[in-house]
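Structure assessment
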Amino acid sequence: MIGEVFDGRYRIIRLLGRGGMGSVYEAQHTGTNRRVAVKVVNTRHSRDSEDNILRFQREAKAAGSVDTQHIAQVLDAGTDLRMGAPYMVMELLDGEDLSRLLDRTGPLPPEVVLRIAAQACVGLHKAHEAGIVHRDIKPGNLFLARRDHGEVLVKILDFGIAKIKPSAGEQGEASSLTETGGLLGSPLYLSPEQARSAKRIDRRADLWSLGVVLYRAISGHNPYEKTRSLYDLIVQICDDPPPPIQDVAPWVPPEVAAILHGALRISPDARFPSAAAMLDAIKPLLPGGWALREEMLAPLPEPARSVVAPRYSGAARERATPARRPRRGGAAATRSAPPDSAPPPPPDRGRAAPRAVAARLVGAACAIGLGAFGLSRAVQAPPPPEGGVLPAGAAAASAPAAPPAQPPAERPSPDAPPDGAFRRVKLVVMPSGVSAEVDGAPARVQDGILDIVGGLGTVHTVRLFQGKDDVQGEVVITESGALPPKMELAPSRPPPAQAKVPPRARADADNPLISDVFR
């Protein structure tokens, strides 16, 4: 194809890459002379061509419907009549993906990883707002695009297996593409609900995958890289929280570890409820913004690797507590997910369920060529905030108690350092008139401020309640204050009004002859 004019408009210059689904070429528009990337679907193999075309069409639709600089821009799409090959025209990017960078540098400085995460959260927030769940976030799909004057911009690539919220006229098509029960995504970055092949996958699956990406970028290791078979990997993802990041990278500050593990909770209801909420937790750690420059993309210096940061206890507590699976009808312990989030996945059928799912998925993976995957290694216009509360831990909320007239006596935290180096941080709570508990004890809220006392890096469970509404989350004491800096109790939505059933309809429903016909 080199030198040919594709679809009468794009002169092919050179091959950029080739995969199982197709090829990507650098091309030049014959009318404007603009250099672009043209992705062409491989239709030679009839066995896979239909599936490739469907995924290709979904990618074009998903990426083209989101307007943000943090998702690779789709400029055009169509079919070359001469070859009968569908194609998609995208902006031509200069740079490399995060996977290649990490292969070259190893661990990156925590601040650089947070900057990458913040930009990825902006892109994911825009996609999720458009009703799109990517489902394959991994280092290879985060592209570090070089811009003018040394700036680097994170762009999300490859929406080929994205889950798109269908319009009213597309319900059947969407169901056939997204609810097949197959293994979609890169195994090492699958969320637990994807590993279980759950049909109800929402935006929180992308946050888990992003958390695994950050784990690798900051430590140089994937949390499940030691697993030697796909079967064991599926079971481990479903059952075992990732090892504490500070076990493999002791230099990671506790506030950074809190953000990372906030995305890596097995129950979706215990994770950040949205990409915007995750970004809100990151922003206090990047007071100067999250812009990236080429000179920042350098290995973590050796002296920094010898630092032992204060311990974040939340990850160890998560591993010590049996994973609570999401159940039909609500969250396991908290109401951290926003009211408009998708319902949780169906309940698991006991402890053996992940192993049964793993066995089924291994068979499916082998059928689609995933059985031999390797496991040896693995601008600034923020979106409107959506809460900003760190996900709650595994501890159940204690019974409501009326707040006392006076604040309780300060007490040592069980996770505090022995030298008594306590810190007092202020957490903004909304609305200002809520009642509060800290670590199960009543606490005083004054003018919308809740004081929390403890050692650097300690994690404290905060519960806000007012009337029948309550919310629970974790707050980490850091050098810069409380993380997250604020916590909000959103009023619950009133139950939907139920339509009155006419007496005749109720009588018909009670008639076994009629009800059997329409059952």
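Cut-offs applied
- Residues numbered from 1 in each chain as written.
- Predicted model: local features only at pLDDT ≥ 70, side-chain atom pairs only at ≥ 80, totals over all residues.
- Heavy atoms only, no water.
- Helix = DSSP H or I, 4+ residues; strand = E, 2+ residues; numbered from the N terminus.
- Buried < 20%, exposed > 50% of the residue type's maximum accessible area, 1.4 Å probe, protein only.
- Areas by Shrake-Rupley, 256 points an atom, 1.4 Å probe, with all protein chains shown as cover.
- Pairing = 2+ DSSP bridges.
- Expected span 1.5 Å × (residues − 1).
- Core = buried A, V, L, I, M, F, W, Y, C linked by side-chain atoms within 4.5 Å.
- Domains from an automatic or database assignment.
- Phe/Tyr/Trp six-rings, centres within 6.5 Å; stacked < 30°, edge-to-face > 60°.

The protein chain carries the name Protein kinase domain-containing protein in an unreviewed UniProt entry, which gives Sorangium cellulosum as its organism.

Describing the overall build of the protein chain
Per the secondary structure count, the protein chain includes 15 helices and 21 strands. By residue count, 50% of the 519 residues in the protein chain fall in the buried class. Carbon and sulfur atoms form 53% of the exposed surface of the protein chain, whose accessible area is close to 24100 Å².

Digging into the sheet that holds strand 17 (residues 449-455)
On the basis of which strands lie adjacent, the open sheet formed by four strands has the order 16-17-13-21 and mixed pairing. Looking at the sheet topology across the chains shown, the edges are occupied by strand 16 (445-446) and strand 21 (486-488). Strand direction decides the pairing type here: strand 13 (residues 422-430) and strand 21, joined by three bridges, are parallel. Across the sheet, Val428 pairs through a bridge with Lys486, a residue of strand 21.

Regarding unusual backbone geometry
For the bond running from Met430 to Pro431, omega is -5 degrees, close enough to zero to count as cis. By secondary structure assignment, the location of Pro431 is in the loop between strand 13 and strand 14 (435-438). Residue Pro484 is bonded to the preceding Leu483 through a cis peptide linkage, with omega at 0 degrees. Relative to the helices and strands, Pro484 resides in the loop between strand 20 (481-483) and strand 21. In the Ramachandran plot, Asn33 falls in the positive-phi region, its phi being about 65 degrees despite a non-glycine side chain. Assignment of secondary structure puts Asn33 in the loop between strand 3 (22-29) and strand 4 (35-41). One non-glycine residue, His149, lies in positive phi territory at about 60 degrees. Structurally, His149 is set in the loop between strand 9 (142-146) and strand 10 (151-156).

Quick look at helix 6 (residues 204-219)
Helix length check: helix 6, at 16 residues, gives a terminal C-alpha distance of 23 Å against a target of 22 Å (1.5 Å per residue), a fit within 8%. Burial runs high along helix 6: 16 of the 16 residues are buried. Just downstream of helix 6 lies Gly220, where phi reads positive at about 85 degrees.

Points about the nonpolar core
Formed by 72 residues in total, the largest nonpolar core has its most connected members in Leu98, Leu210, Met278 and Ile282. Counting only elements with at least two residues in this core, the list comes to helix 2 (98-105), helix 3 (110-129), strand 9, strand 10, helix 6, helix 7 (230-239), helix 9 (254-263) and helix 10 (275-282). By residue number, the principal contributor to this core is helix 3, which donates 11 residues. Split by domain, this core shows at least three residues from each of two domains, domain 2 (95-162 + 186-312) and domain 3 (423-488). With 18 residues, the next largest nonpolar core counts Ala436, Val471, Val475 and Met487 among its residues.

Focus on the packing of aromatic side chains
Applying the stated criterion across every chain yields a total of two aromatic pairs. Measuring from ring centre to ring centre gives 5.1 Å for Phe6 and Tyr87, while their planes differ by 85 degrees; the resulting arrangement is edge-to-face. Of the two residues, Phe6 sits in strand 1 (residues 5-6) while Tyr87 sits in strand 6 (residues 85-91), which places them 81 residues apart along the sequence. Neither Phe6 nor Tyr87 differs from the other in exposure class; each is buried. When the centroid spacing of 6.1 Å and the interplanar angle of 65 degrees are considered together, the rings of Tyr10 and Tyr87 count as edge-to-face. Here the residue Tyr10 occupies a position in strand 2 (residues 10-18), and Tyr87 occupies one in strand 6, the gap between them amounting to 77 residues. On the basis of relative accessibility, which here comes to 4%, the residue Tyr10 falls in the buried class. Look at Tyr87 and you get buried, because its relative accessible area is 0%. Ring pairing ties together the aromatic residues Phe6, Tyr10 and Tyr87, which thus form one cluster.

Looking at the sheet that holds strand 2
With antiparallel pairing, six strands are arranged side by side in an open sheet as 1-2-3-4-6-5. Either end of the sheet is taken by a strand with one partner, and the two such strands are strand 1 and strand 5 (74-80). Both strand 1 and strand 2 contribute to a ladder of two bridges, which runs antiparallel. Considered in strand 2, the bridge of Val5 is made with Arg11.

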